[in-house]
Amino acid sequence: MRIGELAGIVGVTTRAIRHYHHLGLLPEPERRANGYREYGLRHAVVLARIRRLTELGLGLAEVRDVLADDAGRELAEVLGELDADLARQEAAIRERRERLRVLLDGAERGVLSAEGPVSPELGEFFAEVARSSVGRTGPESAMAAKDRELLALIDTTAPPEDRDRLLAAMRPALATPEAVERAHEVYALLDALADTDLADARTDAAVDEAARALADALPDSLLEELGMEGAQTVADGLGRDGGGPFLEALYADFAPAQAEAVRRGMRLLMERGAR
């Protein structure tokens, strides 16, 4: 048989056969006087076995172990490892499909976040906020979008238990229509600081107003979660030695007046907690 005939009989490509030759899985046949390879029944048998093993999901290195006479591994051992690997893949697929189901459910309710995909826990938190915001009109606050982006970042980088504690601490700030309304008032005040000059004396009063509104909107549970030391770190995050690169990058994403309002708001929250 020529290589094309062998490929047609077994149901593989000639390129695959040449690759198996290169890897040593399929012995090279003798060549005729005209230089063409001459394949026999034994080649077809081995090639068919390679196809069956790869269709089961074995990698070519594992196929080599099965085929090698001196590999020291039984086929049952290799298949057992494959079965365990497939079970892990099935579990991972189920988990991914569950996450997709939550996202699709959110899409059907019209609350799919633009920052997604996120964890089911954060997705439900966003959905709660959206339900509490029903009826609001007008363009979305830029600061509200930043808040969601920050939560999505934490969702990706923080351990699940830390994320869950933070969401639990934040929930009172956004759990009711009244709380959401206060949050949007804070967002509006912070948005208004986006283009203001911090050096202008008139800006200071607006910064103070936004800071006080922010402190009033933040729940005591957030301070309990951060602790006084953690809250101080957040408040000082704009400084060179405070909060590390992450907080420096966070504050750098704000306009200077917005950053100052957030810092003052965190200090006011600490003062409230100290009383």
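Here the residue numbers are simple positions, counted from 1 along each chain's written sequence. Local features are withheld for residues below a pLDDT of 70 in this predicted model, meaning they are given only at 70 or higher, and side-chain atom pairs are given and counted only at 80 or more; totals for whole chains, interfaces and linings count all residues. In computing side-chain properties, one takes all heavy atoms of the structure into account and sets aside hydrogens as well as water.

A. Structural view of the overall build of the protein chain. Here a helix means four or more residues in a row that DSSP labels H or I, a strand means two or more in a row labelled E, and each is numbered from the N terminus. Scanning the protein chain from N- to C-terminus turns up 13 helices and 0 strands. Mapped from its N terminus to its C terminus, the protein chain presents α and β elements in the order α-α-α-α-α-α-α-α-α-α-α-α-α. Note on classification: 1.4 Å probe, protein chains only; a residue is buried when its accessible area is under 20% of the maximum for its type, exposed when over 50%, partly exposed between these limits. The proportion of buried residues among the 275 residues of the protein chain is 34%. Long-range pairs, those at least 24 residues apart, make up 59% of the contacts in the protein chain with a sequence separation of at least 6. Taken as a whole, the protein chain presents about 16500 Å² of accessible surface, with 54% of it coming from carbon and sulfur. Note on contacts: a residue pair is in contact if any heavy atoms of the two residues lie within 4.5 Å. Areas reported here follow the Shrake-Rupley algorithm with a probe of radius 1.4 Å; residue values treat only the protein chains shown as occluding.

B. Representation of helix 11 (residues 220-235). For a helix, the expected span equals 1.5 Å multiplied by the number of residues minus one. With 16 residues, helix 11 extends only 16 Å from end C-alpha to end C-alpha; this falls clearly short of the ideal 22 Å at 1.5 Å per step. Within helix 11, the axis deviates most sharply at Gly227, by approximately 95°. Among the residues making up helix 11, those that are buried are Leu222, Leu223, Ala231 and Ala235. For a residue, the bend is simply the angle between two axes, fitted respectively to the seven-residue segment ending there and the seven-residue segment starting there.

C. Focus on the environment of Pro219. With respect to the helices and strands, Pro219 occurs in the loop between helix 10 (201-217) and helix 11. Leave out the neighbours within four places in its chain, and Pro219 touches Ala169, Pro172, Ala173, Leu269 and Arg272.

D. A look at the pattern of salt bridges. Every case where a carboxyl oxygen of Asp or Glu lies within 4 Å of a side-chain nitrogen of Lys or Arg is listed as a salt bridge. Per the stated rule, a full pass over the model turns up 14 salt bridges. The residue Arg264 makes a salt bridge to Asp208 at a minimum N-O spacing of 3.0 Å. With a gap of 56 residues between them, Arg264 in helix 13 (residues 256-274) and Asp208 in helix 10 connect regions that are remote in the sequence. Two residues, Glu260 and Arg263, come together in a salt bridge whose shortest N-O distance is 3.5 Å. With Glu260 and Arg263 both in helix 13 and 3 residues apart, the pair spans about one turn of that helix. A residue is classified by how much of its surface remains accessible, and Arg263, at 16% relative accessible area, is buried.

E. Local environment of the environment of Gln258. Mapped onto the secondary structure, Gln258 falls in helix 13. Distance from Gln258 to Ala192, taken between C-alpha atoms, is 8.8 Å for residues 66 residues apart in sequence. For Gln258, the residues in contact, after removing those within four places along its chain, are Met143, Leu190, Asp191, Leu193 and Ala194. Definition of a polar contact: a pair of N or O atoms within 3.5 Å, with one able to donate and the other able to accept a hydrogen when the atoms are protein atoms, and with sequence-neighbouring residues admitted only if both atoms are side-chain atoms. Among the polar contacts made by the side chain of Gln258, one reaches the main-chain carbonyl oxygen of Leu190 at a distance of 2.8 Å.

F. Region of the structure containing the nonpolar core. In these notes, a set of buried Ala, Val, Leu, Ile, Met, Phe, Trp, Tyr and Cys residues joined through side-chain atoms within 4.5 Å is what counts as a nonpolar core. Counting residues in each nonpolar core, the largest one holds 40 residues, and the members touching the most others are Leu122, Phe125, Leu151, Leu174, Leu190 and Leu193. The element that contributes the greatest number of residues to this core is helix 13, accounting for 7 residues. With near-sequence residues (within four places) excluded, Phe125 lies in contact with Leu151, Leu167, Met170, Arg171 and Leu174. Among the nonpolar cores identified, the runner-up in size contains 21 residues, and Ile3, Ala16, Leu26 and Leu82 belong to it.

G. Geometry of the packing of aromatic side chains. The criterion for an aromatic pair is that two Phe, Tyr or Trp rings (for Trp, the six-membered ring) have centres within 6.5 Å, with stacked assigned to planes under 30 degrees apart, edge-to-face to planes over 60 apart and tilted to the rest. In the structure shown here, the tally under the stated rule is 1 aromatic pair. Between Tyr251 and Phe254 the ring centres are 6.1 Å apart and the planes differ by 90°, which places this aromatic pair in the edge-to-face class.

H. View of the side chain of Ser141. Take Ser141: it is sitting in the loop between helix 6 (120-132) and helix 7 (142-157). Here Ser141 falls in the buried class, since its relative accessible area comes to 13%. There is a polar contact of 3.1 Å between the side chain of Ser141 and the backbone nitrogen of Met143. For Ser141, the side chain forms a polar contact with the side chain of Asp191, separated by 2.7 Å. The residues contacting Ser141, other than those within four sequence positions of it, are Tyr187 and Asp191.

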